[in-house]
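# Per-entry structural report
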Amino acid sequence: MKNRHLSVFAVLASLSNTIDAQNVEKKPISQPLVSHIYTADPSAHVFNGKIYIYPSHDIESGVKADADGNHFDMKDFRILSMDNIGGKVKDNGVALSIKDIPWAKRQLWAPDATAKKGIYYLYFPVKDKDDIFRIGVASSKKPIGPFKAEATPIKGSYSIDPAVFKDSDDSYYLYFGGISGGQLQRWKDNQYLENAEMAKKNELAHLPRIAKLSANMKEFSEEVKEIKIVDEKGNVFKESDNDKRFFEAAWVHKYRGKYYFSYSTGDTHNICYAIADNPYGPFTYKGVVLKPVQGWTSHHSIIQKGGKWYLFYHDVQLSGQTHLRNVKVTELKYNPDGTIQTIDAYK
Ligand code: FUB
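Counting from 1, residues in each chain are numbered in the order their sequence is written. Local features in this predicted model are restricted to residues of pLDDT 70 or higher, and side-chain atom pairs are both shown and tallied only at a pLDDT of 80 or more, whereas totals for entire chains, interfaces and linings draw on every residue. Excluding hydrogens and water, the side-chain figures rest on all heavy atoms present in the structure.

The next point concerns the pattern of salt bridges. Take a side-chain nitrogen of Lys or Arg and a carboxyl oxygen of Asp or Glu: if they are within 4 Å of each other, that pair is a salt bridge. Going through the model one piece at a time under the given rule, you end up with 22 salt bridges. Here Lys-218 and Glu-150 are joined by a salt bridge, their closest N and O atoms 3.2 Å apart. Here Glu-150 lies in the loop between β9 (148–149) and β10 (163–166) and Lys-218 lies in the loop between β14 (209–212) and β15 (225–226), a separation of 68 residues in the sequence. Each of the salt bridges in this network shares a partner with another, and the network as a whole consists of Asp-41, Asp-58 and Arg-325. Helix numbers and strand numbers start at the N terminus; a helix is a DSSP run of H or I with at least 4 residues, a strand a run of E with at least 2.

What follows is the structure, given as structure tokens:
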């Protein structure tokens, strides 16, 4: 399995270089929000009228690059804030460090946050002592932390990229999952598989997960379920549909009463979206939100502020290296029928 991964990775790396070469010729439509540190996977929210961005904090830790992403070896979270889009961006310092998460071993990946009754909750994936990705939660009285982590991961959680969505009825849902280095392929019916393989081209693609959060925000109140992303005929995507199927980086927002599930296709580098009438789906595929950016990964969030919608995303403009990324923002626009206008981050 490892060898198969490595040869696939070599192909992907060359594809990624091609994409980079094309994009380097063009001008980015947005500049990095900060340049004194590397930041990625921006989960943005508006709390009390102000924008808070919960990113990964990329560092060079010296771990050799491999197909499982072991070189994404992040050790803490720093939260960015700004009053308005285009305004001064503040780095609020370390909000949570891996050394203060009792069950964590390594690789603090993409987080998200929410607020309930004056308490802020930070959800994060990190590998446990057995090198299995689990999702943890930490809380704070302030949106910028410092956050205190719970002693154990959320029971029944696994894989990466938690995205928390607050519905209009005040229910909170956690979406999560990421294949390949994110380990989602190791889980079937919520049970861990010792010898897992990635889906083969003619097999159904791995699916993202959802669970409703309990009132205390620290547990799942139901069994984890799969989310179906289907084409216009209702067919679930196969692995060979890798320009549309889910890879990682779930995000959910609501627009005109519909649920928009957006995600990265990973090895084909698109941010796509699909629409449903309820938080569990099935979500019907609609198209591409963001075309491939410089770098291998693509990860985003979508918020509304001051009557406009914004896409937060990252690329590697500052470093040119896949694991040292920088977060950015640009306006997102809808068509009259509710579809999203595809964004090209380079002109
Ligand atoms: O930042 C580490 C991982 O890279 C994230 O969890 C993925 O979404 C990808 O952006």
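Now that the structure is up, let's keep going.
Points on a 1 Å grid, built from protein atoms alone, make a cavity when a 1.4 Å probe fits but cannot get out and make a pocket when they are open with protein on both sides within 12 Å along at least 5 of 7 lines; residues with an atom within 4 Å of a point are the lining residues. Grid points are joined across faces, edges and corners, and a volume is the space filled by probe spheres set on the points. For the coordinates displayed, the defined rule picks out 2 cavities of 30 Å³ or more. Of the pockets and cavities examined, the largest cavity occupies roughly 40 Å³. What lines the largest cavity is Ala-205, His-206, Leu-207, Pro-208, Ile-229, Val-236, Phe-237, Arg-245 and Phe-246. Residue polarity follows a fixed list, in which Ala, Val, Leu, Ile, Met, Phe, Trp, Tyr, Cys and Pro are nonpolar, Asp, Glu, Lys and Arg are charged, and the others, Gly among them, are polar. Class assignment for the residues of the lining of the largest cavity results in 7 nonpolar, 1 polar and 1 charged. Estimated volume of the second largest cavity: approximately 30 Å³.

Looking now at the site of the ligand. Neighbouring the ligand are the residues Asp-41, Ser-56, Met-74, Trp-109, Ala-110, Ile-160, Asp-161, Glu-248, Thr-297, His-299, His-314 and Arg-325. N or O atoms within 3.5 Å of each other form a polar contact, as long as, within protein, one can give a hydrogen and the other can take it, and as long as residues adjacent in sequence are counted only when both atoms are side-chain atoms. Asp-161 has a polar side-chain atom sitting 2.5 Å from an oxygen atom of the ligand. Between the ligand and Arg-325 there is a distance of 2.7 Å, counted from an oxygen atom to a side-chain nitrogen or oxygen. Reported accessibility uses the Shrake-Rupley method at a 1.4 Å probe radius. Residues are deemed covered only where the shown protein chains occlude them. Relative to its free-state accessible area of 280 Å², the ligand is covered by the protein chains to the extent of 98%. When its residues are assigned to classes, the shell around the ligand shows 4 nonpolar, 4 polar and 4 charged. We call a residue near a molecule or strand as soon as one heavy atom of that residue lies within 4 Å of the molecule or strand.

It is worth spelling out the side chain of Ser-264 at this point. By the element assignment, Ser-264 lies in strand β18 (residues 258–264). Looking at Ser-264, its side chain comes within polar contact range of the main-chain oxygen of Ser-298, at 3.3 Å. Note on definitions: a residue-residue contact is assigned when non-hydrogen atoms from the two residues lie within 4.5 Å. Once residues lying within four places of it in the same chain are set aside, the contact partners of Ser-264 are Arg-245, Phe-246, Phe-247, Glu-248, Ala-249, Asn-270, Ile-271 and Ser-298.

What follows concerns the packing of aromatic side chains. When the centres of two rings from Phe, Tyr and Trp lie within 6.5 Å, Trp using its six-membered ring, the rings pair. Their planes under 30 degrees apart give stacked, over 60 give edge-to-face, and anything left gives tilted. Per the counting criterion, the structure on display carries 26 aromatic pairs. Pairing Trp-109 with Phe-133 gives two aromatic rings, centres 4.7 Å apart and planes at 45°, and the pair type is tilted. Pair noted here: Trp-109 is in the loop between β5 (104–106) and β6 (112–116) and Phe-133 is in strand β8 (residues 133–140), with a separation of 24 residues, a long-range link. Comparing Trp-109 with Phe-133 shows no difference in burial state: the two are buried. Joined through ring pairs, the aromatic side chains of Tyr-158, Phe-176, Trp-187, Tyr-192 and Phe-220 make up one cluster. Throughout this description, buried means an accessible area under 20% of the type-specific maximum (1.4 Å probe, protein chains only), exposed means over 50%, and partly exposed covers the range between.

Take the layout of surface pockets next. Sizing a probe to match a water molecule and rolling it over the atoms shows the empty space that remains. In this structure, the second largest pocket encloses a volume near 440 Å³. Considering the residues around the second largest pocket, the lining is formed by 18 residues, among which His-45, Val-46, Lys-166, Trp-251 and Ile-303 are closest to the centre. Within the residue set of the lining of the second largest pocket, elements represented by two or more residues are β1 (38–47), β6, β10, β17 (248–255) and β21 (301–305). Residues that form the lining of the second largest pocket fall into these classes: 12 nonpolar, 4 polar and 2 charged.

Once that is clear, we can look at the sheet that holds strand β4 (residues 90–97). Two strands qualify as a pair provided that DSSP identifies no fewer than 2 bridges between them. Spatial ordering of the open sheet is given by β1-β2-β3-β4, a layout of 4 strands whose pairing is antiparallel. Edge positions in the sheet fall to β1 and β4, since each of these pairs with one other strand and no more. Each adjacent strand pair in this sheet contributes to an overall mean axis angle of 25°, direction not counted. As paired elements, strand β3 (residues 76–82) and β4 share 5 bridges and run antiparallel to each other. Residue Asp-76 lies in a different strand from β4, and its bridge partner there is Ser-97. Structural elements are reduced to axes, namely lines fitted to C-alpha atoms, with helices fitted over the stretch in contact, and the angle between N-to-C directions of any two is expressed from 0 to 180 degrees.

This is a description of form; function is not addressed.
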